[in-house]
Amino acid sequence: MPETEYLGRVKLPEKEEKGKKERRMTGIERRERAEEGMGEETGILPALVAALKNDLGPALEEIEVKDVRIGLAYTGVLLSENYGGVACTPLYEFSCCPALGFTETLKGKTADKLLELALSGKTLEAAVGIATANALSHMLRDLEPEHFRRSYSDILDLVKPEDRVAMVGYFGPLVPKILKITGKLTILEKREIESPQARTLSSEKAREILPSSDVIILSASTLANGTFDELLSFRGAAREVVLLGPTAPLYPEPFFEKGITAVMGTRIIDPRTMLTVVSEAGGTKKLHKYCGEKVAFRRNE
């Protein structure tokens, strides 16, 4: 199968078409039954993995992983249908060597195997799984565009002058823009921030800050470091809860079902250039400049 010019043209095998359409029509019901088997409360990553498996079905076993790059800022995965995805590399979680312990290479495995890594308790493995989920979400969006209605809202469109805004994870360029709208911004961050422009607290204060916030901005890095579900449980009566960042999976339904009101991430439009950016420890600006575009989804829009 040729590896070029697949973006936007991928198609499941004909024998899967009928069954796949039926799965999409009953996807929520089947997902609920699956979640019942895992208990009343299911985390976002099991829900995301189940949703992708449900909607892509056996085709996952036919998709080959062509490359995996684990950079200092991002982790990137390239699939055989020329779809790429990224996840945050959680290096700050390690106090020792973060090397993966696999005896085999990840390159050459099938997408279903790497997708399962999103459920790993090891953060670096989870990052590889999340990057795979992101690549698959781009594929699914091309397969069924009618189920992925893009929003053209910007994060600043969701903030009002009277809002109390909590930002979990430091989005430096966004801070002064929010402060022009409202002065009630609190940043929750694990690392020390140099010259912060707004009140900055340890992320351990989330339990105290989030319940009284009107707008909560969650960094997508909370998926890789395993803090997303706990943070979301503190949302209180927030009007907007936004998952933000290049590594936010562009498959919004599972997140909307959990209470997220907007998913704002990055679609990788040039996967091979993405691999170069990741390998060179490139950050968000380089992703957007060379290989990605911002994409947003809003609940009930």
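Residues numbered from 1 in each chain as written. Predicted model: local features only at pLDDT ≥ 70, side-chain atom pairs only at ≥ 80, totals over all residues. Heavy atoms only, no water.

The protein appears in an unreviewed UniProt entry as Molybdenum ABC transporter ATP-binding protein from Methanosarcina siciliae T4/M.

Student: Pulling in residues and values, what's your account of the pattern of salt bridges?
Tutor: Under the defined criterion, the tally for this structure stands at 12 salt bridges. Residue Arg267 pairs with Asp142 through a salt bridge whose shortest N-O separation is 3.0 Å. Of this pair, Arg267 sits in strand β9 (residues 262-268) while Asp142 is found in helix α5 (residues 123-143), placing the two residues 125 residues apart along the sequence. Taking the relative accessible area as the measure of exposure, Arg267 reaches 12% and is therefore buried. (Salt bridge = Lys/Arg side-chain N within 4 Å of Asp/Glu carboxyl O. Helix = DSSP H or I, 4+ residues; strand = E, 2+ residues; numbered from the N terminus. Buried < 20%, exposed > 50% of the residue type's maximum accessible area, 1.4 Å probe, protein only.)

Student: Could you give an account of empty space enclosed by the protein, naming the residues involved and the relevant values?
Tutor: One way to see where empty space is left: roll a probe the size of a water molecule over the atoms. Tallied over the full model, the rule gives one cavity of 30 Å³ or more. Each pocket or cavity is described by its volume, and for the largest cavity that value is around 30 Å³. For the largest cavity, the full set of lining residues is Gly85, Val86, Asn134, His138, Pro246, Ala248, Pro249, Leu250, Thr266 and Ile268. Residue classes in the lining of the largest cavity are distributed as six nonpolar, four polar and no charged. There are two domains that each give the lining of the largest cavity at least three residues, and those are domain 1 (42-147) and domain 2 (155-267). (1 Å grid on protein atoms, 1.4 Å probe; cavity = no way out; pocket = protein on both sides within 12 Å on 5 of 7 lines; lining within 4 Å. Points joined across faces, edges and corners; volume = space filled by probe spheres on them. Nonpolar A, V, L, I, M, F, W, Y, C, P; charged D, E, K, R; others polar. Domains from an automatic or database assignment.)

Student: For the layout of surface pockets, give the residues involved together with the corresponding values.
Tutor: Here the largest pocket is characterised by a volume of approximately 1,400 Å³. Looking at the largest pocket, it is lined by 50 residues, and the ones nearest its centre are Tyr170, Phe171, Gly245, Pro246 and Thr284. Sorting the residues of the lining of the largest pocket by element identifies β5 (185-189), α8 (221-224), α9 (228-232), β9, α12 (284-290) and β10 (292-298) as the ones contributing at least two each. Its residues assigned to classes, the lining of the largest pocket comprises 23 nonpolar, 17 polar and 10 charged. Built from parts of two domains, the lining of the largest pocket gets at least three residues from each of domain 1 (42-147) and domain 2 (155-267). Forming the walls of the second largest pocket are 12 residues, and the residues nearest its centre are His147, Phe148, Pro252, Glu253 and Phe256. Taken together, the elements giving at least two residues each to the lining of the second largest pocket come down to α10 (253-258) and β10.

Student: Break down the sheet that holds β9 for me, with residues and values.
Tutor: Read from one edge to the other, the open sheet built from seven strands follows the order β6-β5-β4-β7-β8-β9-β10, with strand pairing classed as mixed. The open sheet terminates on both sides in strands that have one partner only, identified here as β6 (199-202) and β10. The average angle at which neighbouring strand axes cross in this sheet is 20°, direction not considered. Two strands pair when backbone bridges link them, and strand β4 (residues 165-168) and β5 are joined in this way by four bridges, in the parallel orientation. Note on β5: the bridge partner recorded for Val168 is Leu188. In the packing of α5 onto the sheet, contacts are made with β9 and β10, and the angle to β9 comes to roughly 95°. (Pairing = 2+ DSSP bridges. Axes fitted to C-alpha atoms, helices over the stretch in contact; angles between N-to-C directions. Contact = heavy atoms within 4.5 Å.)

Student: Describe the side chain of Asp214, naming the residues involved and giving the relevant values.
Tutor: Relative to the assigned elements, Asp214 resides in the loop between α7 (206-209) and β7 (215-219). From its side chain, Asp214 meets the backbone nitrogen of Arg164 in a polar contact 2.8 Å long. (Polar contact = N/O pair within 3.5 Å; in protein donor to acceptor, adjacent residues only side chain to side chain.)

Student: Quick one: what's the story with the pairing of β5, residue by residue and with numbers?
Tutor: With five of its five residues buried, β5 lies for the most part within the structure. The sheet contact formed by β5 and β6 spans four bridges and is parallel. Pairing of Leu188 across the sheet is with Leu201, part of β6.

Student: Can you break down helix α11 (residues 271-279) residue by residue, with the values?
Tutor: Here α11 has its buried residues at Pro271, Met274, Leu275, Val277 and Val278. Relative to the axis of α11, the buried residues are bounded by an arc of 165° and lie together on one face. The elements touched by buried residues of α11 are β1 (65-70), β2 (74-79), β3 (84-88), β9 and α12. Backbone geometry just after α11 places Ala281 at a positive phi near 60°. (Arc of directions from axis to C-beta.)

Student: Can you explain the environment of Ala131? Please cite residues and give values.
Tutor: Looking at the element boundaries, Ala131 is found in helix α5. Taking the C-alpha atoms as reference points, Ala131 and Leu114, 17 residues apart in sequence, are found 9.1 Å from one another.

Student: So what about the environment of Gly265? Which residues, and what values?
Tutor: Inspection of the secondary structure assignment puts Gly265 in strand β9. Considering only alpha carbons, one finds Gly265 and Asn134, 131 residues apart in sequence, at a separation of 9.8 Å. With residues up to four places along the chain from it excluded, the contact list for Gly265 reads Gly245, Ala248, Leu250, Glu293, Lys294 and Val295.

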